[in-house]
Amino acid sequence: MINTSDDYKRGLLTVKLFNFFLYGALSVLMSFIPLYFQEVGFTTVAIGMLMAGGPFVSIFANPFWGYWSDRLQNIKKILLIMLIGNLIIIQIVFQLNSLPLVFIAMLLFFNFQTPLFSQSNSLILNTIEGTPYKFGTFRLWGSLGWAIMAVGAGPFIDLIGIKNLWIVYSFMLILTILFGFKLPQGKVEGTKKIVKGGYAKALFGNKYFLVFVILGVLISVPNSINLTFISLYIKQLGGSVVMIGWSAFLTAIFEVPVFLLFDRYLKRNTSTMIGCLVIVSVLFVIRWFLMSIATDPMQVIFLQMLHSITFGGYFYIGTTLTAKLVPVELRASGQAIYGLTWGGISGIMAGMIGGWMFQELGPNMMYQITTLISLLGVIGFTALWLRIREASKQNMALEGEKNLPS
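Throughout what follows, the structure given in this document is the object of discussion. No experiment lies behind these values; they were computed from the predicted model shown.

**Things to note about the nonpolar core**
Right, so step 1: Residues Phe 37 and Tyr 314 are the most contacted members of the largest nonpolar core, which totals 125 residues.
Right, so step 2: For this core, the leading source of residues is helix 1 (residues 6-39), giving 18 residues.

Below is the structure:
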């Protein structure tokens, strides 16, 4: 039975607005903080190391906060703790100028920041569990927030100066926290309690989930490199702060129709979703190759439009696939593990190796290398898709034999 009460409908609207401001705040920070670090005198390699701290911390932070969300069955409380911690620590980051101190402060910041997306996804999935509502209808509000706030903040940051980036981010974060207090708890009624010692078995019992997570690293390394250094690439080609804002806008705004199309047409079976990941991975290869031959900032900005199909498609399919392969009572932990494929080890490699490649080899060669890494991901997902199809045919054959008359 569908809950049609006014309180429930207000809760659904709050989830949408919360995602709008959460993604909007983080788009402002992640789009412009490399420029802030460059302004205070850090080198490209140092900026890469600072940004690599997030993925490193996420290896521990994502499972930690995911575990407590599942343990308490209260994702709302965990989200609020992370947001408030995020707000406090970022004030310290912007008051420091020493690289070692900034690095330590950023590690603390990333502990509260990196799990936010995976936990907000879990909140959406748990809130709409057992209803006709689809994930994309809620997640697209995050894309709108990311797009609108990034392009809107660009001229304002250009006016007040990049060193005042903390003012814009803090204001956005406070709005997010206010909506956070109105969120539903994010608990699915009737879920089973995991018995002692059964947590890891239940979470990692599906071999396809494990292979999917591992292969995701090959796709996420290039994407993380691009996210970290795209603003510096645009600036190197002669682009402005406003152009960087438009770049962030174009990466997200077209995710909206992509999410709606997947809501309507994506078949929720493992074989189909893995097959779609093969196609998305091929598009990633094309995207990075085109970035490697770009010669003008406007070319880079328009190529960012492919982000909606590549990252948007992978993100949606991966989130849905994880929800299918992981037990519902461990959904927050499953989404946290999936979140590591877009951070974790791949993000560490993106920050440290990407920073070295950008500085020593140049951005064009950097994108050529990311093209090859993505190609390995295509090969891996193709092999996985063929394996799942073969297994599905064998299962169908066995079922047919069982149904034969004796």
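**Concerning the pattern of salt bridges**
Right, so step 1: One pass over the structure, following the stated rule, counts one salt bridge.
Right, so step 2: The salt bridge involving Glu 255 is made with Arg 139; its shortest N-O contact spans 3.9 Å. Here the residue Glu 255 occupies a position in helix 11 (residues 255-265), and Arg 139 occupies one in helix 6 (residues 135-160), the gap between them amounting to 116 residues.
Right, so step 3: Using a relative accessible area of 3% as the deciding quantity, one classes Glu 255 as buried.

**Some words on the packing of helix 6 against helix 11**
Right, so step 1: Relative to each other, helix 6 and helix 11 sit at 175 degrees, their axes nearing to 9 Å. Taken as axis vectors, helix 6 and helix 11 run roughly antiparallel relative to one another. Where helix 6 abuts helix 11, its residues Phe 135, Gly 136, Thr 137, Arg 139, Leu 140, Ser 143 and Leu 144 lie against Glu 255, Val 256, Phe 259, Leu 260 and Asp 263.
Right, so step 2: Taken together, the residues of the contact of helix 6 with helix 11 sort by class into six nonpolar, three polar and three charged.

**Brief notes about the packing of aromatic side chains**
Right, so step 1: For the structure on display, the rule yields 27 aromatic pairs.
Right, so step 2: Centroid distance Phe 209 to Phe 212: 6.5 Å. Interplanar angle 45 degrees. Geometry classified as tilted. On the criterion of helical spacing, the pair formed by Phe 209 and Phe 212 is a turn pair, its members being three residues apart in helix 9 (residues 207-236). The pair Phe 209 / Phe 212 is uniform in exposure class, with both members buried.
Right, so step 3: Here the aromatic residues Phe 135, Phe 259, Phe 262, Phe 311, Phe 315 and Tyr 316 are joined through ring pairs into a cluster of three or more.

**Points about the environment of Phe 179**
Right, so step 1: Of note, Phe 179 is situated in helix 7 (residues 165-180).
Right, so step 2: Put simply, Phe 179 and Lys 16 are 163 residues apart on the chain and 9.8 Å apart in space, counted from C-alpha to C-alpha.

**Focus on helix 10 (residues 241-253)**
Right, so step 1: Here helix 10 spans 19 Å end to end across 13 residues, near enough to the 18 Å set by a 1.5 Å rise per residue.
Right, so step 2: For helix 10, the complete set of buried residues consists of Ile 244, Gly 245, Ser 247, Ala 248, Phe 249, Leu 250, Thr 251, Ala 252 and Ile 253.

**Section: the packing of helix 11 against helix 14 (residues 307-325)**
Right, so step 1: One can describe the packing of helix 11 onto helix 14 by two numbers: an axis separation of 9 Å at closest approach and a directional angle of 40 degrees. Regarding the angle of helix 11 to helix 14, the classification is oblique. Considering how the two elements wind past one another, helix 11 and helix 14 form a crossing that is right-handed. Side by side, helix 11 and helix 14 meet where Glu 255, Val 258, Phe 259, Phe 262 and Asp 263 of the first sit next to His 307, Ser 308, Ile 309, Phe 311, Gly 312, Gly 313, Phe 315, Tyr 316 and Ile 317 of the second.
Right, so step 2: Residues that form the contact of helix 11 with helix 14 fall into these classes: eight nonpolar, four polar and two charged.

**Here's the deal with a nonpolar patch on the surface**
Right, so step 1: A cluster of nonpolar residues, Met 49, Met 349, Met 352 and Ile 353, forms a patch on the protein surface that exposes about 350 Å² of accessible area.
Right, so step 2: At three residues, helix 16 (residues 344-361) tops the list of elements feeding residues into the nonpolar patch.
Right, so step 3: Within the fold, Ile 353 resides in helix 16.
Right, so step 4: Ile 353 gets classed as partly exposed once you look at its relative accessible area, which sits at 42%.

Rules behind the numbers
Residues numbered from 1 in each chain as written. Predicted model: local features only at pLDDT ≥ 70, side-chain atom pairs only at ≥ 80, totals over all residues. Heavy atoms only, no water. Core = buried A, V, L, I, M, F, W, Y, C linked by side-chain atoms within 4.5 Å. Buried < 20%, exposed > 50% of the residue type's maximum accessible area, 1.4 Å probe, protein only. Helix = DSSP H or I, 4+ residues; strand = E, 2+ residues; numbered from the N terminus. Salt bridge = Lys/Arg side-chain N within 4 Å of Asp/Glu carboxyl O. Axes fitted to C-alpha atoms, helices over the stretch in contact; angles between N-to-C directions. Parallel < 35°, antiparallel > 145°, perpendicular 65-115°, else oblique. Contact = heavy atoms within 4.5 Å. Nonpolar A, V, L, I, M, F, W, Y, C, P; charged D, E, K, R; others polar. Phe/Tyr/Trp six-rings, centres within 6.5 Å; stacked < 30°, edge-to-face > 60°. Expected span 1.5 Å × (residues − 1). Left-handed = near helix turned anticlockwise from the far one by under 90°. Patch = residues over 30% accessible without salt bridge, like charges linked within 9 Å, V, L, I, M, F, W, Y side chains within 5 Å. Areas by Shrake-Rupley, 256 points an atom, 1.4 Å probe, with all protein chains shown as cover.

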